Amino acid sequence: MALLVSGARFGKDQDGFLSLLSQPAAATQHAHSPTIIKSPSGILMEYQFRDIEKKWQAHWKQSGVYHVSNESDKPKYYVLDMFPYPSGAGLHVGHPLGYIASDIYSRFKRLKGFNVLHPMGYDAFGLPAEQYAIDHGIHPAVSTENNITNFRRQLDNIGFCYDWNREVRTCEPSYYKWTQWIFLQLFGSYYNRQTRKAEPITELVKVFEQNGNAGHPCPGDASTVFDAAAWKGYDFKQQQEILMHYRLSYCGFGEVNWCEALGTVLANDEVVNGVSERGGHPVVKKKLRQWYLRITEYADRLLEGLQTVDFSDAMKEMQTNWIGKSEGAEISFKIESGKLKVESGLRVYTTRPDTIFGVDFMVIAPEHALVETITTAEHKETVEQYIAWVKSRSERERMAEKKISGVFTGAYAVNPFDGRQIPIWISEYVLAGYGTGAIMAVPCGDERDHKFAKYFNIPVTNIIGSFYNGEEANPTKEAVLENSGFLNGMLMKDAIGAAINAIEEKEIGTRKVNFKMRDAAFSRQRYWGEPFPVQWKDGVAYPLSSDALPLELPHVDSYKPGPEGEGPLANIDSWTASHYETNTMPGYAGSSWYFLRYMDPANDKTFCDRKVSDYWGQVDLYIGGTEHAVGHLLYSRMWTKCLYDLGYIGFDEPFRKLVNRGMIQVAAVLFTGCMVKTYLFLRV
């Protein structure tokens, strides 16, 4: 038996799926006309799809057919879409591309006897809404509400099987109360490297009172070392400053892109060739107080967790490369600059300590703390001019730059093994936030170092014999070392361990594991975001009590930046009089845990009841784009691990299986044959 729909014949294929058997020669109907259906008996009927859709959608809504209970004898299954940002343009084609696939799969699992959680909500805070409000002269709360209404209309027209009783909006106080609460849990915790989990910082204070920090090296400042007596001798403010270097959410100073003409901080992608994308105004680097998440403490566990989840190999590789784990040594080189000798030295991290005899120059970041100290008088003007130029460039531009640039400081580092003087240069390709902000350059083994040496006529030392041809670097580990002192005659890969042992014996460095990933910036100098539940008094950050949450975002009529790069909240007298933080949280704050709130959205006692989260557990199928691979996905994984460590949930990975939108079309067609086409035809 076959079914004729607008000239197209559908029937069962060999696997029993409904398939397209033949297509009409030409379209004969208007897109908005009723569809003509010919039954097997030959009777022509009009399919009044608009009337039928409205009738059944109203019935589904009234009967609560998609309402899901947190208690069921059925096995559970949690299907989740990355929720949309409600922009003024409405849904774009990428939204239903994923949503339709997840809708089909949710219905399939429901028919298979599962209790299926399939919710939807809105990622409603963030910079785009604020910029839209500025451009259109409307408050972001109003524009966001209007956009959500439009999104809901579009989603309902498609007829998705969402449980709308579980809708969340990250901009609602009832939601961001718990975002603020989770922030306070991070603020009140540190990462115990011995137990490899987050623990209350009050427990760390007890350790300091008994033993100092000998067993807990400071993650924020490695030079911070004290015993119990010293800790007890610090005043309250000093103790809080030390604890800030341990907290999982902490405050520090970081460089941002500052545009004086616009009076605001710009994101890297808003800066093009040193000027603002909007208006072409000059942009410079400026240090401002910022909040951060100490995600680097979770680096190892984030890597290990990838082995337990069903992500694509490409996704796992992206996260692995972003975390960038490496093993090597951190070495301190003494510095000579004219008559000045800097005994504390220049710290450098390297994965190839076996090449230490091939170091021909050092390169430090233009922002490095030692630049001003070590630059000699005769090079001062050149160095200052170069630094001014670098400050006009974004980090992204610096990393992508192919042209070679740099200036000599006039200072030298001293090779600890042969006493050779090594010139110290400054170049934009070294970033202060990566490693120690300094590198030891081995031109014969690194192509970028080689090009730099050739460009500035720096002599190249050959430590790898015939493996170096004088024209290009060779990063091999298979060469037998030459011109390398006590390492001569050793295979390079075998010499790495020997070099580290010698470095530790001379007490000039230590074996170390390093990560490319940096702590995540967690504040914005903008208005439309979650307020930080923090008050500043005498330079100390005091967390609000849970009873004081939510700290609601005050209404403003103007989004003019505050003084010295602060956010618009700094212009509100009542806000600053209460000493509240004037920055707001970034857009990804609310999305780092929203999958948990869907489980228990009406709970005003906690972010999610433990019994409920134990029932639903991990998201079984998560669908979204790869553009969130090293942002949202990493942050939500970190937040989940922290909540797990503190005992609030029973799993430490949020998503069991992740499918990216680019893979859905193939997967859906393989799974349902032509059902997807039929579904779309009947729905649109």
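Residues numbered from 1 in each chain as written. Predicted model: local features only at pLDDT ≥ 70, side-chain atom pairs only at ≥ 80, totals over all residues. Heavy atoms only, no water.

Asks: How would you explain the overall build of the protein if you had to name every residue and give the values?
Replies: Helix and strand counts for the protein stand at 22 helices and 26 strands. The proportion of buried residues among the 684 residues of the protein is 51%. Of all intrachain contacts in the protein linking residues separated by at least 6 positions in sequence, the fraction that spans at least 24 positions is 70%. (Helix = DSSP H or I, 4+ residues; strand = E, 2+ residues; numbered from the N terminus. Buried < 20%, exposed > 50% of the residue type's maximum accessible area, 1.4 Å probe, protein only. Contact = heavy atoms within 4.5 Å.)

Asks: Tell me what's going on with a negative patch on the surface, and back it up with residues and numbers.
Replies: A cluster of acidic side chains, namely D446, E447, E471 and E472, defines a negative patch on the protein surface. The topology assignment puts E471 in the loop between α14 (447-455) and α15 (492-505). (Patch = residues over 30% accessible without salt bridge, like charges linked within 9 Å, V, L, I, M, F, W, Y side chains within 5 Å. Areas by Shrake-Rupley, 256 points an atom, 1.4 Å probe, with all protein chains shown as cover. Salt bridge = Lys/Arg side-chain N within 4 Å of Asp/Glu carboxyl O. Lys, Arg positive; Asp, Glu negative; His and termini not counted. Charge placed at Lys NZ, Arg CZ, Asp CG, Glu CD.)

Asks: Go over the packing of helix α3 (residues 127-136) against helix α4 (residues 140-158) with me, naming the residues and quoting the values.
Replies: Following both chains from N to C, one finds α3 and α4 inclined at 110°, their axes separated by 9 Å at the closest point. Relative to α4, α3 is oriented roughly perpendicular. Side by side, α3 and α4 meet where A129, Y132 and A133 of the first sit next to P140, S143 and T144 of the second. Grouping the constituent residues of the contact of α3 with α4 by class yields four nonpolar, two polar and no charged. (Axes fitted to C-alpha atoms, helices over the stretch in contact; angles between N-to-C directions. Parallel < 35°, antiparallel > 145°, perpendicular 65-115°, else oblique. Nonpolar A, V, L, I, M, F, W, Y, C, P; charged D, E, K, R; others polar.)

Asks: Let's hear about unusual backbone geometry: which residues, and what values?
Replies: Residue P550 follows L549 across a cis peptide bond; omega there is 0°. With respect to the helices, strands and loops of the structure, P550 is situated in the loop between β24 (540-543) and α16 (573-577). A positive phi angle is found at R196, which is not glycine, with a value near 60°. The topology assignment puts R196 in the loop between β8 (189-192) and β9 (197-200). Positive phi is not limited to glycine here, since E507 has a value of about 60°. Within the element layout of this structure, E507 appears in the loop between α15 and β21 (509-515).

Asks: Tell me what's going on with the sheet that holds strand β25 (residues 621-624), and back it up with residues and numbers.
Replies: Two modes of strand pairing occur in sheets, parallel and antiparallel, and in both the strands are linked by backbone hydrogen bonds. Taken together, four strands build an open sheet; the order of strands is β7-β6-β25-β26 and the sheet is parallel. In the strand order of this sheet, the two ends are held by β7 (115-117) and β26 (658-660), each with one partner. For this sheet the average axis-to-axis angle between neighbouring strands, irrespective of direction, equals 20°. Pairing of strand β6 (residues 76-81) with β25 involves three bridges; the strand directions are parallel. The residue bridging V79 from the neighbouring strand is L621, located in β25. (Pairing = 2+ DSSP bridges.)

Asks: Provide a residue-level description of the packing of aromatic side chains, including the pertinent values.
Replies: Scanning the entire structure with this criterion turns up 57 aromatic pairs. Ring geometry for Y99 versus F160: centroids 6.1 Å apart, planes at 85°, classification edge-to-face. Pair noted here: Y99 is in helix α2 (residues 94-111) and F160 is in the loop between α4 and α5 (173-187), with a separation of 61 residues, a long-range link. Where F226 meets W231, the ring centres are 5.5 Å apart and the plane angle is 25°; that geometry is what we call stacked. Summarising the burial analysis for this pair, F226 and W231 share the class buried. Through pairs of rings, three or more aromatic residues link up here, namely F183, F187, W291, F522, F532, W536, Y588, Y635 and W639. For the cation-ring pair, K109 lies above F114, with the distance from its terminal atom to the ring centre recorded as 3.9 Å. (Phe/Tyr/Trp six-rings, centres within 6.5 Å; stacked < 30°, edge-to-face > 60°. Lys NZ or Arg CZ within 6 Å of the ring centre and 35° of its normal.)

Asks: Break down the pairing of β9 for me, with residues and values.
Replies: In the sheet, β8 pairs with β9 via four bridges, with the strands oriented antiparallel. Residue S189 lies in a different strand from β9, and its bridge partner there is P200. Taken together, β8 and the strand that follows it, β9, pair antiparallel across an intervening segment of four residues, in which R196 is found at a positive phi of about 60°.

Asks: Which residues make up helix α12 (residues 377-391), and what values do they have?
Replies: For α12, spanning 15 residues, the distance from its first C-alpha to its last is 21 Å, which sits close to the expected 21 Å at 1.5 Å a residue. Buried within α12 we find H379, V383, Y386, I387 and V390. (Expected span 1.5 Å × (residues − 1).)

Asks: Can you tell me about the packing of α5 against helix α20 (residues 632-645), naming the residues and giving the values?
Replies: Their axes nearest at 11 Å, the elements α5 and α20 cross at an angle of 70°. By the angle class used here, α5 and α20 are roughly perpendicular. The handedness of the crossing between α5 and α20 comes out as left-handed. Only M638, W639, C642 and L643 of α20 make contact with α5, whose side of the interface consists of T179, I182 and L186. Of the residues in the contact of α5 with α20, the class split is six nonpolar, one polar and no charged. (Left-handed = near helix turned anticlockwise from the far one by under 90°.)

Asks: Tell me about the side chain of N147, and name the residues and values.
Replies: Relative to the elements of secondary structure, N147 occurs in helix α4. Setting aside chain neighbours within four positions, we find N147 in contact with P86, S87 and G88.

Asks: Describe α3, naming the residues involved and giving the relevant values.
Replies: Taken residue by residue, α3 has A129, E130, Q131 and A133 as its buried positions. Looking at the buried side of α3, the elements it contacts are α4. Backbone geometry just downstream of α3 places G137 in the positive-phi region, at approximately 65°.

Asks: Hey, could you go over the pattern of salt bridges for me, with residue numbers and the actual values?
Replies: In the structure shown here, the tally under the stated rule is 27 salt bridges. Put simply, E145 and R169 hold a salt bridge, and the shortest N to O gap is 2.8 Å. You can see E145 sitting in helix α4 and its partner R169 sitting in the loop between α4 and α5, a full 24 residues away along the chain. E145 gets classed as partly exposed once you look at its relative accessible area, which sits at 37%. Residues joined in a network through salt bridges with shared partners are E145, R152, D156, E167, R169 and E172.

Asks: Describe the side chain of T179, with residues and values.
Replies: By secondary structure assignment, the location of T179 is in helix α5. Of the residues examined, T179 reaches a relative accessible area of 0% and is grouped as buried. When neighbours within four sequence positions are excluded, T179 is seen to be in contact with E530, M585, A589, G590, W593 and W639.

Asks: Tell me what's going on with the confidence of the model for the protein, and back it up with residues and numbers.
Replies: Of the residues in the protein, 88% reach a pLDDT of 70 or more, and the chain-wide mean stands at 87. Within the model, pLDDT remains below 50 along residues 12-31, and this stretch shows 36 contacts once partners closer than five positions in the same chain are excluded. (pLDDT = per-residue confidence, 0-100.)

Asks: Give a detailed account of the environment of K560, specifying residues and quantitative values.
Replies: Here K560 lies in the loop between β24 and α16. Each C-alpha atom of the pair K560 and Y527 lies 9.3 Å from the other, and the pair is 33 residues apart in sequence.

Asks: Let's hear about the environment of L266: which residues, and what values?
Replies: Within the secondary structure layout, L266 lies in strand β11 (residues 264-266). Looking at L266, the relative accessible area reads 7%, which means it is buried. Sequence-wise, L266 and E277 are eleven residues apart; in three dimensions their C-alpha atoms are separated by 9.4 Å. If sequence neighbours within four positions are ignored, L266 has contacts with N257, C259, V271, S276 and V283.

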